[in-house]
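# Examination of the molecular architecture
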Amino acid sequence: MRILILGGDGYLGWPTAMHFSDAGHEVTVADSFAKRKWEVELGIAPLAPVPSLHHRVRSWKRITGKTITMRVGDLTNARSVYGLLEEARPDAIVHYGEQPSAPYSMQNRTAAVETQVNNVVGTLNVLFAMRHACPDAHLVKLGTMGEYGTPNIDIEEGYLTVTHNGRSDTMLYPKKPASFYHLSKVHDSHNIEFACRIWGVRATDLNQGVVYGVDTDHTLRDPLLRTSFHYDHVFGTVINRFLVQASLGAPLSVYGKGGQTRGFLDIRDTVQCVDLAVHNPAAAGEFRVFNQFTEQYSVLDLAHRVQAAGARAGLAVQLEHLDNPRAEAEEHYYNASHSHLADLGLVPHLLTDDSLDRMLAVVHAQSGGVDRADLAPTIKWKGGGARVQV
Ligand code: USQ
C-alpha cells in the first residue's frame, strides 16, 4: 500500500513509519516540525536527543535498505496539503499531525488558538485535499479518549443510541472534554464525520488513551532510530513522567487525589492498532470510531506501580500530591468500552511489572541529561500561563 504519515517526526509517527516501511509498504512521512519549534520556545527537550527526521530517514535506509520518502509541509497551508496528496496518492493516510498536549493548549489565548487552528484547519485541509486527490483513500485519524471526558455513564465506541420522547436515534457520543486541545479533537471528529456522511470519505477515528513507553522493535534497532520521549510537564504523559521522576529520586507528581482514571496503552500497541485499522479499512462513507487503549488505571494506582518498580530497582521513590493544576474530576465513574480493535485481533502489551522494570532501566540509563526544572507543572487551567498573554 501507499501510506502517508502526517506528523511523521513525532513520538508515535516515526515508529509507525518504520513499521509500515519494514512491512514492505511505500511510506511517505510529512511534518512541519512545529513540535520541535514549540519545544525550543518552551525550553524543553526529550529525555535523549532525537536525530532530525532527515537523519533518521537516511539511517533507516542505511540500516534496512528501505526507503521512507520525506516531505516538509504545514497542514494549515492548503496548497502544501493538496501538493502532498497529489504526489503521494496514498491508499491510507495516518494523521498524527497535530499539537498533542493539553497543558500546551491551556497556557493562554495564543496557545489555545494556535492549537485549534493547527489541528482543526489542518484536518479540514486534509479532508478537502482527499476529496480532490484521493477520494478512495482511508483516513486513519488519531483522536483521543479525552474527547469523552469522564461522564457518569458508560463510554461507548463513538456512538450512543438515544431514546427521547418515545423515538430513538444513534448519534455521535456526547463529548465533554477537559482542555482546548481535547476540544480540538472533538471538532475534528465532527468535521470528519460530516465529510464521511456528505462526501463518502472513509475514515477511522482512533480515540486513543494515554500512551507510555520508550521503544518499539524498530527504534531498538539503532540509537539513530529512536523516537522522542518526553518527561516534562507539557509533552510528557503521566507514566513516562513517573518513570523519569523515579529514576531521579524525585517524588512522583500525583495531581490532586490521583483518582483520575484513564485508558492507557503501550507505544507498541499504538503501532499495532494503526496497522489493524489500515489493513481493515472503513467502507466508503463510513465514520468508524475505535476506542484505542488496553487497560484503565487511576493515577494513584500508577504511582504505586512505579513506586514498587523503583523499590525493585533499589530506588527509594516517594509520592507527592500536588495541587492539581488542571480542572478535572479526581474521583469519578469510568467504564469505557474498547472491543473493536480486540475484535480485529489486537494482542495487547500490558503494563506488567516486567515491562515497568524494563522501561525504568532504560529511562534510568538516559536520565543524566534531565532538567529538573521541567518536571513541575507550571501551566494552570484556571490561572495565567507560562507565555505572555496576548
Ligand atoms: N497527571 C498527574 N501527574 C502528572 C501528569 C499527569 O497526576 O505528572 C494526571 C493528569 O492530571 C491526568 C492524567 O494524569 O488526569 C493524564 O494526564 P497526561 O498528561 O498523561 O495525559 P493527557 O493530558 O490526558 O494527554 C495525553 C496525551 C494526549 C492524548 C491523551 C489521551 O498528551 O495527546 O490525547 O493523553 S487521553 O488522556 O485519553 O485523553
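Residues numbered from 1 in each chain as written. Predicted model: local features only at pLDDT ≥ 70, side-chain atom pairs only at ≥ 80, totals over all residues. Heavy atoms only, no water.

## A word on the packing of aromatic side chains
Here the structure, examined in full by the defined rule, presents five aromatic pairs. Taking 6.2 Å as the distance between ring centres and 20 degrees as the angle between the ring planes, the aromatic pair formed by tyrosine 104 and phenylalanine 235 counts as stacked. Remark: phenylalanine 235 occurs in the loop between strand 9 (210-212) and helix 8 (238-248) and tyrosine 104 occurs in helix 5 (residues 102-105); sequence separation between them is 131 residues. Exposure class is identical for tyrosine 104 and phenylalanine 235. Each is buried. On the numbers, 5.3 Å between centres and 90 degrees between planes, the contact of tyrosine 148 with tyrosine 173 is edge-to-face. A residue pair is termed long-range when its members are at least 10 positions apart, and tyrosine 148 in the loop between strand 5 (138-144) and strand 6 (159-164) and tyrosine 173 in the loop between strand 7 (167-172) and helix 7 (180-199) qualify at 25 residues. Residue class for tyrosine 173 comes out buried when judged on its relative accessible area of 2%. Joined through ring pairs, the aromatic side chains of Trp38, Tyr104 and Phe235 make up one cluster. (Phe/Tyr/Trp six-rings, centres within 6.5 Å; stacked < 30°, edge-to-face > 60°. Helix = DSSP H or I, 4+ residues; strand = E, 2+ residues; numbered from the N terminus. Buried < 20%, exposed > 50% of the residue type's maximum accessible area, 1.4 Å probe, protein only.)

## Considerations on the environment of glutamate 87
Among the secondary structure elements, glutamate 87 is positioned in helix 4 (residues 78-88). Take glutamate 87: its relative accessible area is 46%, and that puts it in the partly exposed class. Here the alpha-carbon distance between glutamate 87 and threonine 28, two residues 59 residues apart in the chain, equals 9.9 Å. Here the side chain of glutamate 87 touches arginine 71 through a polar contact of 2.7 Å, side chain to side chain. (Polar contact = N/O pair within 3.5 Å; in protein donor to acceptor, adjacent residues only side chain to side chain.)

## A few points about helix 3 (residues 53-64)
Under the 1.5 Å per step criterion, the end-to-end length of helix 3 is 16 Å for twelve residues, consistent within 8% with the ideal 16 Å. Every buried residue of helix 3 is listed here: Leu53, Arg56, Val57, Ser59 and Trp60. In a view along the axis of helix 3, the buried residues occupy a sector of 160 degrees, so they form one face of it. Counted as exposed and oriented over 90 degrees from the buried face of helix 3: Arg58 and Arg62. Buried positions along helix 3 lie against helix 1 (13-22), strand 2 (26-31), helix 2 (34-42) and strand 3 (68-72). (Expected span 1.5 Å × (residues − 1). Arc of directions from axis to C-beta. Contact = heavy atoms within 4.5 Å.)

## As for the site of the ligand
Not every one of the 22 residues close to the ligand is listed here, only the nearest: Pro100, Thr144, Tyr181, Ser253 and Glu328. Interatomic distance of 2.6 Å between a side-chain N/O atom of threonine 144 and an oxygen atom of the ligand. Arginine 241 is positioned with one of its side-chain polar atoms (N or O) 2.8 Å from an oxygen atom of the ligand. Bound to the protein, the ligand loses 93% of the 730 Å² it would expose on its own. Those elements that place two or more of their residues in the shell around the ligand are helix 7, helix 8 and strand 10 (252-255). (Near = heavy atom within 4 Å. Areas by Shrake-Rupley, 256 points an atom, 1.4 Å probe, with all protein chains shown as cover.)

## Examining the pattern of salt bridges
If you walk through the whole model with that rule in mind, you get 19 salt bridges. Here glutamate 87 makes a salt bridge to arginine 71, at a shortest N to O gap of 2.7 Å. Taken together, the positions of glutamate 87 in helix 4 and arginine 71 in strand 3 put the pair 16 residues apart, joining distant regions of the chain. On the accessibility criterion, arginine 71 (33% relative accessible area) is partly exposed. Put simply, aspartate 357 and arginine 312 hold a salt bridge, and the shortest N to O gap is 2.8 Å. With a gap of 45 residues between them, aspartate 357 in helix 12 (residues 353-366) and arginine 312 in helix 10 (residues 299-312) connect regions that are remote in the sequence. Take arginine 312: its relative accessible area is 41%, and that puts it in the partly exposed class. (Salt bridge = Lys/Arg side-chain N within 4 Å of Asp/Glu carboxyl O.)

## Describing the side chain of histidine 182
Mapped onto the elements of the fold, histidine 182 is located in helix 7. Among the polar contacts listed, one links the side chain of histidine 182 to the side chain of serine 179, at a separation of 2.8 Å. Once residues lying within four places of it in the same chain are set aside, the contact partners of histidine 182 are Ala102, Thr144, Gly146, Glu147 and Pro177.

## Re the sheet that holds strand 8 (residues 202-208)
Paired through backbone hydrogen bonds, the strands of a sheet run either parallel or antiparallel to each other. Taken together, the seven strands give an open sheet; going across it, the order is 3-2-1-4-5-8-12, and neighbouring strands pair in parallel fashion. Both outer strands of the open sheet, strand 3 and strand 12 (287-292), are each paired with one neighbouring strand and no more. Taking each pair of neighbouring strands and ignoring which way they run, the sheet shows an average axis angle of 20 degrees. In the packing of helix 9 (residues 267-279) onto the sheet, contacts are made with strand 1 (2-6), strand 4 (92-95), strand 5, strand 8 and strand 12, and the angle to strand 5 comes to roughly 145 degrees. (Pairing = 2+ DSSP bridges. Axes fitted to C-alpha atoms, helices over the stretch in contact; angles between N-to-C directions.)

## Structural notes on the pairing of strand 7
When strand 6 meets strand 7, the two strands line up antiparallel, connected through six bridges. Following the sheet pairing, valine 162 is matched in strand 7 by aspartate 169. Between strand 6 and strand 7, which pair antiparallel in sequence order, lie two residues; one of them, asparagine 165, sits at a positive phi of approximately 50 degrees.

## Concerning the sheet that holds strand 13 (residues 295-298)
Across the sheet, which stays open at both edges, the three strands sit in the order 9-11-13 with mixed pairing between neighbours. Looking at the sheet topology across the chains shown, the edges are occupied by strand 9 and strand 13. In this sheet, adjacent strand axes meet at a mean angle of 45 degrees when their direction is disregarded. On the sheet, helix 10 packs against strand 11 (261-266) and strand 13 and is oriented at approximately 90 degrees with respect to strand 13.

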